Amino acid sequence: MSVATSLIEDQPARVAPTETLYQFNESPLLARQSQQESNARSYPRRIPLALKRAKGIHVEDVEGRTFIDCLAGAGTLALGHNHPVVIEAIQQVLADELPLHTLDLTTPVKDQFVQDLFGLLPPELAAEAKIQFCGPTGTDAVEAALKLVRTATGRSTVLSFQGGYHGMSQGALSLMGSLGPKKPLGALLSNGVQFMPYPYEYRCPFGLGGAQGIKANLNYLETLLNDPEAGVQLPAAVIVEVVQGEGGVIPADLDWLRGLRRITEKAGVALIVDEIQSGFARTGKMFAFEHAGIIPDVVVMSKAIGGSLPLAVVVYRDWLDTWLPGAHAGTFRGNQMAMAAGSAVMRYLVEHKVCEHAAAMGERLSEHLRILQRDFPQLGDIRGRGLMLGVELVDPAGALDALGHPPAFARLAPLVQRECLKRGLILELGGRHGAVVRFLPPLVITAAEIDRVAEIFGRALAAASTGL
Ligand SMILES: Cc1ncc(COP(=O)(O)O)c(C=O)c1O
């Protein structure tokens, strides 16, 4: 038993009759937002808050209520809100009157950022790494990665995975498993994308589960890439999330990842690992692919790398660097404050052993959830790595699937989310049918705060489950 586990008292969830619950009446700001902002707005629908201040793991809204932020900018805020090292780095850029806009010209801040980032890569990758600064969204870095591998291999298609999420631009969207945002658009680049089953252990696409499911999955992939009658052209690349985030916090089996690397290498297909959400200590390693000990050809990074500010890059192996000057341009590729903040975050992660901390806190939260699971069979599957955790809610009364698991409980998930919010805890949903409750707290969350998150979640679950 780990140290973290032994610290947790084994108690069933209690519903405290005296707890104060926040009420959500529409404030003038929220009313104006729904009137004036696009119908495509997303988070405010489920998290109807107007925020005023933020520090560490907490945010405060305009009504003075505080919330624990376990969404953390969808995994962006590795050190939480307004961490002193981030603020200091930004203030230094301003005090030094550095150019705030530089296109992709170099500066001492940029140079330092590249050295810091390459210093975090596995030495084998760092030795031959090239970096492309992209427009400041994860999506743009995915677009760049697609161009990179297509140019270098002379092939046009890409393999992606069911449940995958790589962003919202049209190219990135064509790689997405979820059909929701794609359907209204009609044709995307879908002719150029072949979808593969992801090793989703709880809902094994082969109906096998465990090592057998992994073996079948790899065998299918190997056949697809090598069978002359597979009906699929050899792709330029395979793009994968080592832990699917939006797809429902699904960690890929490590043997499967090693198999994926072996098969793609043998076939001469580039392996793109999308670390936009899982990168920078979140899973308990600096990069999630390190759990499997593999070296990708391309790593796509954003979110935490800008220390709260917009920044996105692609790091790749030298052999792919055949694209032409200007092949991926963009005006906003030189955000100095983001680079300075990103460097500060990277140094802090190393100096304060945040990988180890995230792993221990993730284990602590998982253990809390496993204890809750004894009282709540609705907690079907608890999974993830480090502080990228999720719980798939299931309906215990529903018909069992081939693996003996009840169906997703889509109706319960938003109720749990709302009951958490009433108790001052911000959580997001994801996964198939939106039935996965996601925990993405800042990595600096303490053990006491983890305990508090679990306590609130337990109460919210009890309240949401009543009367269903
Ligand atoms: C794995 C992954 N890839 C790509 C993206 C897209 O990044 P952005 O929203 O910055 O465009 C996301 C965003 O959540 C992501 O989680």
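Residues numbered from 1 in each chain as written. Predicted model: local features only at pLDDT ≥ 70, side-chain atom pairs only at ≥ 80, totals over all residues. Heavy atoms only, no water.

The chain is annotated in an unreviewed UniProt entry as Aspartate aminotransferase family protein of Pseudomonas azerbaijanoccidentalis. As stated in UniProt under Sequence similarities (unreviewed entry), the record for the chain gives "Belongs to the class-III pyridoxal-phosphate-dependent aminotransferase family." Looking at the chain in UniProt, the text filed under Cofactor (unreviewed entry) is "pyridoxal 5'-phosphate". (UniProt positions renumbered as here; feature names shortened; annotations may be inferred.)

Focus on the sheet that holds strand β5 (residues 158-161)
Ordered by their spatial adjacency, seven strands build an open sheet running β4-β12-β11-β10-β7-β5-β6, and the pairing between neighbours is mixed. The outermost strands of the open sheet, each flanked by one partner alone, are β4 (129-133) and β6 (193-196). Pairwise comparison of adjacent strand axes, ignoring direction, gives a mean angle of 20 degrees for this sheet. When β4 meets strand β12 (residues 313-317), the two strands line up antiparallel, connected through five bridges. Each residue of the ladder has a partner; that of Gln-132, found in β12, is Val-314. Set on the sheet, helix α8 (residues 138-153) makes contact with β5, β7 (237-240), β10 (270-274), β11 (298-301) and β12; between it and β11 the angle comes to about 160 degrees. (Pairing = 2+ DSSP bridges. Helix = DSSP H or I, 4+ residues; strand = E, 2+ residues; numbered from the N terminus. Axes fitted to C-alpha atoms, helices over the stretch in contact; angles between N-to-C directions. Contact = heavy atoms within 4.5 Å.)

Points about the layout of surface pockets
Estimated volume of the largest pocket: approximately 1,200 Å³. Lining the largest pocket are 45 residues, with Tyr-43, Tyr-165, Met-168, Met-176 and Glu-246 positioned closest to its centre. Elements represented by at least two residues in the lining of the largest pocket include exactly α3 (43-46), α8 and β16 (428-430). Looking at side-chain class alone, the lining of the largest pocket contains 15 nonpolar, 21 polar and nine charged residues. (1 Å grid on protein atoms, 1.4 Å probe; cavity = no way out; pocket = protein on both sides within 12 Å on 5 of 7 lines; lining within 4 Å. Points joined across faces, edges and corners; volume = space filled by probe spheres on them. Nonpolar A, V, L, I, M, F, W, Y, C, P; charged D, E, K, R; others polar.)

Some points on the site of the ligand
Residues in contact with the ligand, as listed here, are Thr-137, Gly-138, Thr-139, Tyr-165, His-166, Gly-167, Glu-241, Glu-246, Asp-274, Ile-276, Gln-277 and Lys-303. The side chain of Asp-274 places a nitrogen or oxygen atom 2.7 Å from a nitrogen atom of the ligand. In the environment of the ligand, an oxygen atom lies 3.0 Å from a nitrogen or oxygen atom belonging to the side chain of Lys-303. The protein chains hide 84% of the 390 Å² of surface that the ligand would expose on its own. Applying the majority rule of atoms within 2 Å of the grid points places the ligand in the largest pocket. Broken down by class, the residue content of the shell around the ligand amounts to two nonpolar, six polar and four charged. (Near = heavy atom within 4 Å. Polar contact = N/O pair within 3.5 Å; in protein donor to acceptor, adjacent residues only side chain to side chain. Areas by Shrake-Rupley, 256 points an atom, 1.4 Å probe, with all protein chains shown as cover. Sits in = over half its atoms within 2 Å of the grid points.)

Quick notes on the packing of helix α14 (residues 412-422) against helix α15 (residues 447-465)
The geometry of α14 relative to α15 is characterised by a closest axis approach of 8 Å and an angle of 130 degrees between their N-to-C directions. The pairing of α14 with α15 is recorded here as oblique in orientation. Here α14 and α15 pass one another in a crossing that is right-handed. Every residue of α15 that contacts α14 at Leu-412, Leu-415, Val-416, Glu-419 and Cys-420 is listed here: Ile-456, Phe-457, Ala-460, Leu-461, Ala-463, Ala-464 and Ser-465. Tallied by class, residues from the contact of α14 with α15 come to 10 nonpolar, one polar and one charged. (Parallel < 35°, antiparallel > 145°, perpendicular 65-115°, else oblique. Left-handed = near helix turned anticlockwise from the far one by under 90°.)

Re the sheet that holds strand β3 (residues 66-69)
Ordered in space as β1-β2-β3-β15, the four strands form an open sheet in which the pairing is mixed. Across the chains shown, the open sheet's two edge strands, defined by having one partner strand only, are β1 (51-55) and β15 (425-426). Sheet topology note: the β3/β15 ladder contains two bridges and is parallel. By the bridge assignment, Ile-68 is partnered in β15 with Leu-425.

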